[in-house]
Every structure is written in C-alpha cells, then in structure tokens.
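# A closer look at the structure
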Amino acid sequence: METNGRSAPQTPLDDPPEPGARPDVRLEALVRGPAHAPSGEANCGSGGAVEGAAAGEPLTAKLARRTAPGVLYEPGPEEGYLRCTACAHRCVLAPGRAGACGIRFEQDGELRVPFGYVARHYVRSVETNTIFHVRPGARSLTFGMFGCDLRCPYCQNWKVSQALREPGSDGEPIDISAADLVEVAVAAGCEVLASAYNEPMITAEWARAVFTEARRRGLVTALISDGNTTPEALEYMRPVADVFRVDLKGWSADQYRTLGGRVEPVLAAIGEARRLGYWVEVVTLVVPGFNDKPDGLRALGAEIARIDPDIPWHLNAFYPRYKMRDRVMTDPAFLVDVAGVAYARGMKYVYVSNVADRVRELSHTRCPGCYEVVVRRFNYETQEVLLSGGACPSCGTRVPGLWGSAAA
C-alpha cells in the first residue's frame with residue numbers, strides 16, 4: 001500500500017530474538033549450507049576446521065573453517081550451554097548451535113568466532129565512513145567480514161552483511177593476517193583503519209587483533225556499528241578502539257522489530273561508549289515511509305543531546321536499494337528542517353549527507369561559538385581544515401574530535 005508516493009513499512013519476517021534466546025541454528029547447517037542441511041552430526045575436526053572442504057562449498061562452510069576461540073561469552077543457564085555477549089541478543093548457544101548472527105557458534109565446549117579473513121577492504125577518505133570529527137582528509141582502510149545481527153531491508157552492504165540469509169550467495173572470504181591487513185593500510189598512506197560493512201562487534205575478536213596491530217603502527221581505529229551491542233563488548237574493544245560510529249536507525253519498537261533488534265540497547269551503547277572514552281558519532285539514515293516522522297526524529301535528536309550535545313549527528317538521505325527499491329529518495333529539504341530543529345534544541349554538530357551539493361552548507365563543521373566554518377567539505381571529501389590545535393582560529397572555542405596530524 002502506498003500513500004503520497006511512499007510505501008508502508010515492510011512487515012518483519014519474524015520477531016527479533018529476545019535477550020538470552022536460544023536460536024536453533026545447527027552447526028551442520030552452517031557447514032553444509034542452508035540448502036544442504038541433513039540431520040546428523042557435523043564433520044568437524046579439532047580446532048574448528050571442517051574436514052573435506054570441496055570446490056563449490058557454500059559460504060557458510062567456508063566461514064565455519066575460518067574461526068578461532070571466542071572471548072565474548074559467559075556460561076549459559078545449563079551445563080554445556082554458552083551465552084554470547086558480543087551483541088544485545090545475548091544468544092544462549094546449545095551444543096552445536098549458532099547465534100542469531102549465524103557466525104558465532106558453540107563447538108566442543110567452546111565458542112568459535114570469525115577470524116583470519118575479510119570479505120572486502122577498500123582505501124578511501126575517512127569521511128566515507130560518515131565520520132567527520134576524526135582526521136579530516138585522511139585516508140582510511142575500511143574492512144568487513146560476513147554476517148550481521150540485524151537484517152535491515154535497505155542495507156547498502158547487504159551482499160556482505162546479509163550473505164548468510166540470501167539464497168545462493170557466492171561470497172568469497174579473503175584470507176589475510178592482522179599484520180598483513182594493517183600493512184596494506186600503512187602502504188596506502190592511511191591514518192585510520194575502520195571495521196565496517198557488516199556488524200564489527202559480532203567479529204570483535206578479529207577486530208581486536210587487527211586494531212592491536214593498527215595501534216602499534218600508529219593508526220586511529222574505528223568501529224562502524226549498528227550499536228546493538230553490550231557493555232562487555234564495548235569494554236573489550238576500548239583498549240584498542242578510538243571511535244564508535246553508530247547507526248541509530250529509528251526510535252520505536254516497531255521500527256527496530258522490522259530490523260531484528262531493539263532501540264534500547266543502541267541508546268544505551270551510545271551512552272556507555274561515551275562513558276568509556278570513545279569518540280562517538282551517530283548516523284540516522286532517513287527512510288521515507290519508515291522512520292521519517294518529524295516528531296520521532298526530533299525525539300532522536302533530543303536523546304542524543306541528552307547523552308552529550310557534542311556528539312555529531314548525521315542525517316543521511318536514503319536511496320532505493322536492496323529490498324526497499326520501491327521507495328523514493330529522501331527529500332533534502334526535509335533533512336534540512338530536521339537539522340534546524342536539532343540545532344535549535346541544543347545539538348552543536350548536525351550534518352546532512354548523501355545529497356552531494358544540494359545541501360552543501362550542512363556538510364561543513366562550524367564553530368559552536370562564532371559559527372565560522374572550521375572544516376569545509378564536499379561530497380564526503382574534506383577540502384579545507386581551518387582548525388588551530390583543535391580550536392576555532394577566529395574565537396578560540398574548542399571543537400571536540402580526534403583531529404590529529406591531518407587537521408594540523
């Protein structure tokens with residue numbers, strides 16, 4: 001059904017798992033693939049490698065062989081069960097079962113987690129991760145793995161994040177060590193290394209290994225997350241992670257149910273990340289007919305400001321993609337109105353993106369004291385950095401962020 005050219009929100013396929021749920025995803029289904037999952041025991045060797053890997057094996061089998069012992073878990077409610085603490089689902093894993101993400105699973109009394117590969121990696125400007133207060137103009141190597149704890153029907157990176165849920169997926173993991181991945185970044189002149197494309201907290205053990213090496217080489221590290229995580233995971237990553245960039249996707253239980261999650265853990269994670277000392281930026285992709293009610297967006301802005309008015313909020317325009325190709329693009333004028341209200345209610349840094357030069361003035365960083373432009377951008381590229389030691393050159397007001405050498 002459509003009203004005013006905008007489709008009604010998509011009905012969720014099923015309810016998201018409750019915290020501590022027991023997903024019934026069998027290890028043999030991961031090993032053999034959803035289309036070839038007979039009953040019986042999985043044929044797994046010690047250490048998590050699957051024996052008898054053959055050409056044409058499903059992606060799930062490839063990933064089951066690329067694992068290591070996990071850290072983010074605790075004993076489950078019954079003997080032999082584990083409770084995963086990487087995301088807010090807090091799945092209880094029975095022997096031989098995987099969590100809702102499909103990539104963290106119990107095997108032989110231990111948690112196995114993704115390790116030693118990437119699904120893709122690119123070198124681009126740091127701003128393409130929708131991070132504006134971190135080394136503006138710097139190059140960033142951004143990498144990701146397969147799988148996700150949510151199932152957003154408008155995901156830009158669905159071929160990676162939703163690969164395990166899409167029939168016939170032919171993704172290919174790229175084997176690489178943490179040191180070699182960081183070496184690629186250093187050789188390309190990167191100052192930032194970011195984990196993105198899928199949800200990095202469900203692959204936190206691998207991200208920590210990569211970030212540890214990146215920190216050793218002097219790189220800034222960033223988690224590009226859906227925020228559906230836990231205090232335990234945030235604390236685990238904090239020693240090696242500088243930035244927690246969060247997609248805050250809506251404000252209501254119904255919206256997050258469509259995506260397979262809940263809003264409360266996301267808001268809690270934003271606050272916890274700030275408490276732990278992460279640099280935090282928040283992105284809301286405004287999808288027509290899904291989360292574009294002015295009252296709801298105003299409530300989101302107020303909630304972010306309550307946590308910390310210095311947190312940058314990015315309002316991104318939606319373009320039709322994945323399972324929401326029937327939607328129209330977000331009206332840039334609407335985003336400008338929402339940004340204006342957010343500024344009026346105390347937020348200091350509000351950006352409008354994904355609209356190139358149509359809303360150019362809301363791509364720049366302005367001093368909250370005198371409103372002069374201190375970082376000038378166009379289409380996710382920094383053109384000019386005017387900050388002096390992290391402060392406005394006109395009035396001396398400090399502008400929070402991780403400015404570093406690229407902003408000098």
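Residues numbered from 1 in each chain as written. Predicted model: local features only at pLDDT ≥ 70, side-chain atom pairs only at ≥ 80, totals over all residues. Heavy atoms only, no water.

With that settled, the discussion passes to the overall build of the protein chain. Summing up its helical and strand segments, the protein chain has 10 helices and 23 strands in all. When each of the 408 residues of the protein chain is scored for burial, the buried share is 55%. Surface exposure of the protein chain reaches about 16500 Å², of which carbon and sulfur atoms provide 49%. (Helix = DSSP H or I, 4+ residues; strand = E, 2+ residues; numbered from the N terminus. Buried < 20%, exposed > 50% of the residue type's maximum accessible area, 1.4 Å probe, protein only. Areas by Shrake-Rupley, 256 points an atom, 1.4 Å probe, with all protein chains shown as cover.)

The tally for this structure, following the rule as stated, stands at 22 salt bridges. For arginine 327, the salt bridge is made with aspartate 326, and the minimal N-O distance between the two is 3.7 Å. Among the ionic pairs, glutamate 384 bridges to arginine 376, the shortest N-O distance being 3.5 Å. A residue is classified by how much of its surface remains accessible, and glutamate 384, at 36% relative accessible area, is partly exposed. The class of arginine 376 is partly exposed, set by a relative accessible area of 29%. (Salt bridge = Lys/Arg side-chain N within 4 Å of Asp/Glu carboxyl O.)

This part is about helix H10 (residues 332-344). With 13 residues, H10 should reach 18 Å at 1.5 Å per residue; the first-to-last C-alpha distance of 19 Å fits that figure. Buried residues of H10: Pro332, Phe334, Leu335, Val338, Ala339 and Ala342, and no others. Down the axis of H10, the smallest arc covering the buried residues is 155°, so these residues share one side. Turned more than 90 degrees away from the buried face of H10, the exposed residues are Asp337 and Ala344. Considering only its buried residues, H10 is in contact with strand S18 (279-286), helix H9 (294-307), strand S19 (313-317) and strand S20 (350-353). Between the side-chain oxygen of the N-cap and the backbone nitrogen of alanine 333 there are 3.0 Å, and the N-cap of H10 in question is aspartate 331. Within two residues after H10, glycine 346 carries a phi angle of roughly 110°, on the positive side. (Expected span 1.5 Å × (residues − 1). Arc of directions from axis to C-beta. Contact = heavy atoms within 4.5 Å. Polar contact = N/O pair within 3.5 Å; in protein donor to acceptor, adjacent residues only side chain to side chain.)

Formed by 84 residues in total, the largest nonpolar core has its most connected members in Leu193 and Met237. If you tally residues by element for this core, the top one is helix H5 (residues 204-216), at 6 residues. Not counting residues up to four positions away in its chain, the partners in contact with methionine 237 are Met201, Ala204, Ala207, Arg208, Phe211, Leu223 and Tyr278. Ile131, Ala138, Ala222 and Trp279 belong to the second-largest nonpolar core, a separate cluster that totals 13 residues. (Core = buried A, V, L, I, M, F, W, Y, C linked by side-chain atoms within 4.5 Å.)

In terms of residue burial, strand S10 (residues 110-114) counts as a mostly covered element, since 4 of its 5 residues are buried. Sheet analysis places strand S4 (residues 67-69) next to S10, joined by 3 bridges and oriented antiparallel. Opposite threonine 67, over in S10, you have proline 114 as the bridge partner. As consecutive antiparallel partners, strand S9 (residues 105-107) and S10 are separated by 2 residues, and within that stretch aspartate 108 has a phi angle of approximately 55°, a positive value. (Pairing = 2+ DSSP bridges.)

The next subject is the pairing of strand S17 (residues 243-247). Across a regular strand the side chains alternate sides, sitting on one face of the sheet and then on the other. For S17, the buried fraction is high: 4 of the 5 residues fall into the buried class. Judged from the 4 bridges that link them, strand S16 (residues 220-225) and S17 form a sheet pairing that is parallel. Each bridged residue has a counterpart across the sheet, and for leucine 223 the counterpart in S17 is phenylalanine 244. Taken together, S16, helix H6 (residues 231-237) and S17 form a β-α-β motif whose crossover is right-handed. Pairing geometry for S17 and S18, over 5 bridges, is parallel. Looking at S18, one finds that phenylalanine 244 is bridged to valine 280. (Right-handed = clockwise from strand over helix to strand, strands pointing away.)

Turning next to the packing of aromatic side chains. Here the structure, examined in full by the defined rule, presents 9 aromatic pairs. Ring geometry for tyrosine 117 versus phenylalanine 146: centroids 6.1 Å apart, planes at 20°, classification stacked. Taken together, the residues span a long stretch of sequence, with tyrosine 117 in strand S11 (residues 117-118) and phenylalanine 146 in the loop between strand S13 (139-144) and helix H3 (158-161) at a distance of 29 residues. As far as the burial class goes, tyrosine 117 and phenylalanine 146 line up, both buried. For the ring pair phenylalanine 132 and tyrosine 380, a centre distance of 6.3 Å and an interplane angle of 70° mean the geometry is edge-to-face. Placement of phenylalanine 132 in the loop between strand S12 (120-125) and S13 and of tyrosine 380 in the loop between strand S22 (373-378) and strand S23 (381-385) is noted, with a sequence separation of 248 residues between them. Each member of the pair, phenylalanine 132 as well as tyrosine 380, is classed as buried. In textbook terms, an aromatic cluster arises when at least three aromatic residues are bridged by ring pairs, as seen for Phe132, Tyr351 and Tyr380. Against the face of tyrosine 122 rests arginine 124, its NZ or CZ located 4.4 Å from the ring centre. Looking at arginine 238, its charged tip hangs above the ring of tyrosine 278, at a distance of 5.2 Å from the centre. (Phe/Tyr/Trp six-rings, centres within 6.5 Å; stacked < 30°, edge-to-face > 60°. Lys NZ or Arg CZ within 6 Å of the ring centre and 35° of its normal.)

Below, the discussion takes up the sheet that holds strand S21 (residues 365-366). Remark on secondary structure: sheet strands pair via backbone hydrogen bonds, oriented parallel or antiparallel. Spatially, 3 strands are ordered S21-S22-S23 in an open sheet, and the strand pairing comes out antiparallel. Strands with a single pairing partner mark the edges of an open sheet, and in this sheet they are S21 and S23.

Right, let's get into the sheet that holds strand S5 (residues 73-75). As summarised here, the arrangement of the 3 strands in space is S5-S6-S7, forming an open sheet in which the pairing is antiparallel. Edge strands, defined here as strands with exactly one partner in the open sheet, are S5 and strand S7 (92-93). Two elements, S5 and strand S6 (residues 82-84), share 3 bridges in a ladder whose sense is antiparallel. Paired with tyrosine 73 across the two strands is cysteine 84, which belongs to S6.

Remember, this is a structural readout, not a statement about activity or role.
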